[in-house]
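Close look at the chain arrangement
The primary structure of each chain is shown beneath.
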Amino acid sequence: MKIKKAESTSETIIMMYRLLLLTIIVLTIMGISNMVYTHTINVKDPESFVLSKKIINCIVNSPGFQINDIKENYNSNILKYCNFKYKNETEIYNKYFIRLDLIQEDSNETILYGDDGKSWVNEILKNSPNQNNLDSYKQGYSNINTNLILNQKQTELNLEVYINE
Amino acid sequence: MMKNKKATNSQEVIIHLILIILITTLFVLHLSSKIDSRYIKQQVLEKQTALLINSAIPGMNLTIEKANVNGYINEIKIEKNKVYIRLDGIPSNNGYQFISQYNVILTEDETKTKYIIQIK
């Protein structure tokens, strides 16, 4: 009788372990499927292009635009200079990377703003001999290179915008 | 003794079968909810709206019909520069961030059939 009781107790304990193991397996499968089957629609490319155009419009429409003014008074934050509305500067800093080069006859000025964590990708793209093969990795990146007249001077403008998240 | 053992074995098999069926059902239900097109449509609508706000200029009014091609919009919220759209009863958890130089004002139409996003 005693042996039977002991047997049934041990079976119950084994069953509990099995159930626990099964639960862990189910949770793991669900966790993995959660990551694998999440369909994300990426709109970072048009987003970066729209932002680039708005920044260029802002530069063109600012009378007496000076890059040093942004560096000194806006902590290189061109979005703040262009009066973009946002709640939190850290969020913006982490989401965007903006590089603006203004090349004039007598000067060459650059400002960088945002998380440049992915700028190394751009360097690879620029220096790679097979850059056509790497083109598909440029999600959320726009590069506008144009000539304009700024403060009565012929200026070459190069604007790069990355959207990180 | 032999009969008892057989009974215990068949009981175990039945319990295992029930567990396997339960787990499979749970897994299939979870997957079907993940690949439910309504989530994708909600995402599409949120991102389209955010992009429209991004590229809009002052004076523009963006009209979004509640009975949309993507489903029925229960609610649109604009909070902390993010658009949240509740579509077919599915609440939006993360929303989508937009960035604009102008004031974005959300109103509902008098007939309560559409939302109007005003850029000022």
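Residues numbered from 1 in each chain as written. Chains lettered and ligands numbered in written order. Predicted model: local features only at pLDDT ≥ 70, side-chain atom pairs only at ≥ 80, totals over all residues. Heavy atoms only, no water.

**Re the overall build of chain A**
Secondary structure assignment for chain A yields seven helices and four strands. The linear arrangement of helices and strands in chain A, starting from the amino end, is α-α-α-α-α-β-β-α-α-β-β. Residues counted as buried form 35% of the 165 residues belonging to chain A. The contacts in chain A between residues at least 6 apart in sequence include a share of 56% that link residues at least 24 apart. (Helix = DSSP H or I, 4+ residues; strand = E, 2+ residues; numbered from the N terminus. Buried < 20%, exposed > 50% of the residue type's maximum accessible area, 1.4 Å probe, protein only. Contact = heavy atoms within 4.5 Å.)

**A few points about the side chain of Asn158 of chain A**
Note on placement: Asn158 of chain A falls in strand β4 (residues 153-163). When sequence neighbours within four positions are dropped, the list of residues in contact with Asn158 of chain A reads Arg99, Leu100, Asp101, Asn143, Ile144 and Asn145 of chain A.

**So, the nonpolar core**
Membership of the largest hydrophobic core comes to 28 residues, with the highest contact counts inside it found for Ile55, Phe65, Ile78, Leu79 and Leu100 of chain A. Within the residue set of this core, elements represented by two or more residues are α2 (44-61), α3 (67-73), α4 (78-81), β1 (96-103), β2 (108-114), β3 (141-150) and β4 of chain A. At five residues, α2 of chain A tops the list of elements feeding residues into this core. By size, the runner-up hydrophobic cluster in this structure holds 19 residues, among which are Val43 of chain A together with Ala50, Ala56 and Tyr115 of chain B. (Core = buried A, V, L, I, M, F, W, Y, C linked by side-chain atoms within 4.5 Å.)

**Re the interface of chain A and chain B**
Listed as interface residues are 34 residues of chain A and, on the opposing side, 30 residues of chain B. Buried area between chain A and chain B, both sides added, is near 3000 Å², and the carbon and sulfur share of it is 63%. When the buried surface of chain A facing chain B is broken down by residue, Ile41, Lys54 and Lys85 of chain A rank first, second and third, together holding 20% of it. Between the two partners, chain A and chain B, sit zero salt bridges. Applying the counting criterion to the chain A and chain B interface returns 11 residue pairs in polar contact (both at pLDDT 80 or more). Elements represented by at least two residues in the side of chain A that touches chain B include exactly α1 (2-36), α2 and α5 (89-95) of chain A. (Buried area = accessible area lost by both parts, 1.4 Å probe. Salt bridge = Lys/Arg side-chain N within 4 Å of Asp/Glu carboxyl O. Polar contact = N/O pair within 3.5 Å; in protein donor to acceptor, adjacent residues only side chain to side chain.)

**Describing α2 of chain A**
For α2 of chain A, with 18 residues, the first-to-last C-alpha span of 26 Å sits near the 26 Å given by 1.5 Å per residue. Regarding α2 of chain A, the residues found buried are Lys44, Glu47, Ser48, Val50, Leu51, Ser52, Lys54, Ile55, Ile56, Cys58 and Ile59 of chain A. (Expected span 1.5 Å × (residues − 1).)

**Here we look at the environment of Asn108 of chain A**
Residues and elements named next belong to chain A. With respect to the element layout, Asn108 can be found in strand β2. Expressed as a C-alpha distance, the spacing of Asn108 and Glu156, which sit 48 residues apart in the sequence, is 9.4 Å. Among all residues touching Asn108, those that are not within four sequence positions of it are Leu102 and Ile103.

**Things to note about the packing of α2 of chain A against helix α2 (residues 37-55) of chain B**
Where α2 of chain A contacts α2 of chain B, the axes come no closer than 10 Å and their chain directions differ by 10°. Relative to α2 of chain B, the element α2 of chain A is oriented roughly parallel. Where α2 of chain A abuts α2 of chain B, its residues Pro46, Glu47, Val50 and Lys54 of chain A lie against Leu51, Asn54 and Ser55 of chain B. Its residues assigned to classes, the contact of α2 of chain A with α2 of chain B comprises three nonpolar, two polar and two charged. (Axes fitted to C-alpha atoms, helices over the stretch in contact; angles between N-to-C directions. Parallel < 35°, antiparallel > 145°, perpendicular 65-115°, else oblique. Nonpolar A, V, L, I, M, F, W, Y, C, P; charged D, E, K, R; others polar.)

**A few points about the pairing of β4 of chain A**
Residue and element names in this part refer to chain A. Judged by how many residues are buried, β4 sits mostly within the fold: eight of 11 residues are covered. Sheet topology note: the β1/β4 ladder contains eight bridges and is antiparallel. Within the sheet, the bridge partner assigned to Arg99 lies in β4 and is Glu160. Relative to β4, β3 runs antiparallel, the two sharing 10 bridges. In the sheet register, Asn145 faces β4, and the bridge partner there is Asn158. (Pairing = 2+ DSSP bridges.)

**Quick look at the packing of aromatic side chains**
The description of an aromatic ring pair rests on the distance of the ring centres and on the angle between the ring planes. Throughout the structure, instances matching the rule amount to five aromatic pairs over all chains. On the numbers, 5.3 Å between centres and 90° between planes, the contact of Tyr93 of chain A with Tyr113 of chain A is edge-to-face. Here Tyr93 of chain A, found in helix α5, pairs with Tyr113 of chain A, found in strand β2; they are 20 residues apart in sequence, far enough to count as distant. For the ring pair Tyr141 of chain A and Tyr162 of chain A, a centre distance of 4.8 Å and an interplane angle of 35° mean the geometry is tilted. Of this pair, Tyr141 of chain A sits in strand β3 while Tyr162 of chain A sits in strand β4; the two residues are 21 residues apart in sequence, bridging distant segments of the chain. Looking at Tyr162 of chain A, the relative accessible area reads 7%, which means it is buried. Cluster of aromatic residues (ring-pair linked, three or more members): Phe65, Tyr74 and Tyr81 of chain A. Above the plane of the ring of Tyr96 of chain B lies Lys95 of chain A, whose end atom (NZ or CZ) is 5.2 Å from the centre. Across the ring face of Tyr84 of chain B, the terminal group of Lys77 of chain B is positioned such that the distance to the ring centre comes to 5.7 Å. (Phe/Tyr/Trp six-rings, centres within 6.5 Å; stacked < 30°, edge-to-face > 60°. Lys NZ or Arg CZ within 6 Å of the ring centre and 35° of its normal.)

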